[in-house]
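Chain by chain, the residues run as shown.
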Amino acid sequence: MSKSAAEFNKNDDGRPPAHVAIIMDGNGRWAQQKGLIRVRGHRRGVDSVRAVTTECARLGVGSLTLYAFSVENWKRPQAEIRILMNLLKKFLIDERPTIMKNNIRLTSIGRIEDMSADVRKELNATEALSAKNRGMVLRLALSYGGRAELADATKRIAREVKAGRLDPDAIDEETIRAFLYDPSLPDPDLLIRTAGEMRVSNFLLWQVSYSELYVTPVCWPDFRERELNEAFADYRRRVRKFGGLERVTVS
Ligand code: FPP
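Here the residue numbering is sequential within each chain, running from 1 through the sequence in written order. Totals for whole chains, interfaces and linings use every residue, but because this is a predicted model, local features are given only for residues with pLDDT of at least 70 and side-chain atom pairs only at 80 or more, for both listing and counting. Side-chain measures were taken over the full set of non-hydrogen atoms in the model, leaving aside hydrogen atoms and water.

1. A word on the side chain of Glu 227
Note the cut-off: Working definition: helices are DSSP H or I runs of at least four residues, strands are E runs of at least two. Numbering for both runs from the N terminus. Polar contacts, as used here, are pairs of N or O atoms within 3.5 Å; protein pairs need one atom able to donate a hydrogen and one able to accept it. Residues neighboring in sequence count only if both atoms are side-chain atoms. Contacts are assigned to residue pairs with any non-hydrogen atoms lying within 4.5 Å of each other.
Within the secondary structure, Glu 227 is located in helix α8 (residues 225–236). Within the structure, Glu 227 has its side chain in polar contact with the backbone nitrogen of Arg 224 (distance 2.9 Å). Polar side-chain contacts of Glu 227 include one of 3.2 Å to the side chain of Arg 226. The residues contacting Glu 227, other than those within four sequence positions of it, are Val 218 and Asp 222.

Next up, the structure:
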């Protein structure tokens, strides 16, 4: 069957985006719409994390970065923070077989030192267990803020300058990238945000400069394989120019 002109994109190589970043929003609203307490939304949100991670690995996505807990999220009520931390800890333990089966390497970015010792212990254990996996990289952004990341990078750059190891005139974009939490993190090709808000919310500020944005009204607990594939189909219709004029291949 031939594709219609609207469907055809000569830049579409049929591959999924190499790096997908997701702002998982709307757990609370999902619960509220159903007359449930917020924790029920977070719990269902963990099921979406599992579904989306497994589907991304199956489709051949190289990197998936999930905004799991922001620096701003510490302002939430203590009881909700405790629930989110317990869910995270449980996820890090329970998902080890799935992570290993799918050849996923789990890693993290953010002010990890802010996380409690018990969360850090399970995070370190899952990172160590999966360190040799060569499939998709799953990055959890924890106590993460884009501005905090740039402030932390700037502090470390300033220390290098002060110690005489770095010439200020030699600082360029690649220097800054080298001092981010994970210099190996590729720029996201696609940034997905669930629950409809048209905001970047302090996520990967440096890295999303040329990312394609996809905002869906679907709340995170309802965002599953089908919704992910719809986002990828939309992405494949985009033409990426990176500020230039010529058409370039997607991903
Ligand atoms: C937004 O919902 C979501 C979060 C605060 C973080 C996402 C957390 C999870 C999916 C659960 C644990 C994470 C992992 C990786 C196991 P919201 O509470 O801001 O929703 P609202 O804006 O509708 O109130």
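2. Some thoughts on the site of the ligand
The condition is simple: A molecule or strand has a residue near it when one of that residue's heavy atoms lies within 4 Å. Computed with the Shrake-Rupley method and a 1.4 Å probe, the accessible areas treat only the protein chains shown as cover for residues.
Neighbouring the ligand are 14 residues, the closest being Met 24, Gly 28, Arg 29, Arg 38 and Arg 76. Separating an oxygen atom of the ligand from a backbone N or O atom of Gly 26 is a distance of 3.4 Å. In this structure, Arg 76 approaches the ligand through a side-chain N or O atom, which is 2.8 Å from an oxygen atom. Bound to the protein, the ligand loses 92% of the 620 Å² it would expose on its own. Of all the secondary structure elements, the ones that give two or more residues to the shell around the ligand are α1 (27–33) and α2 (38–59). Ranked by residues supplied to the shell around the ligand, first place goes to α2 with four residues.

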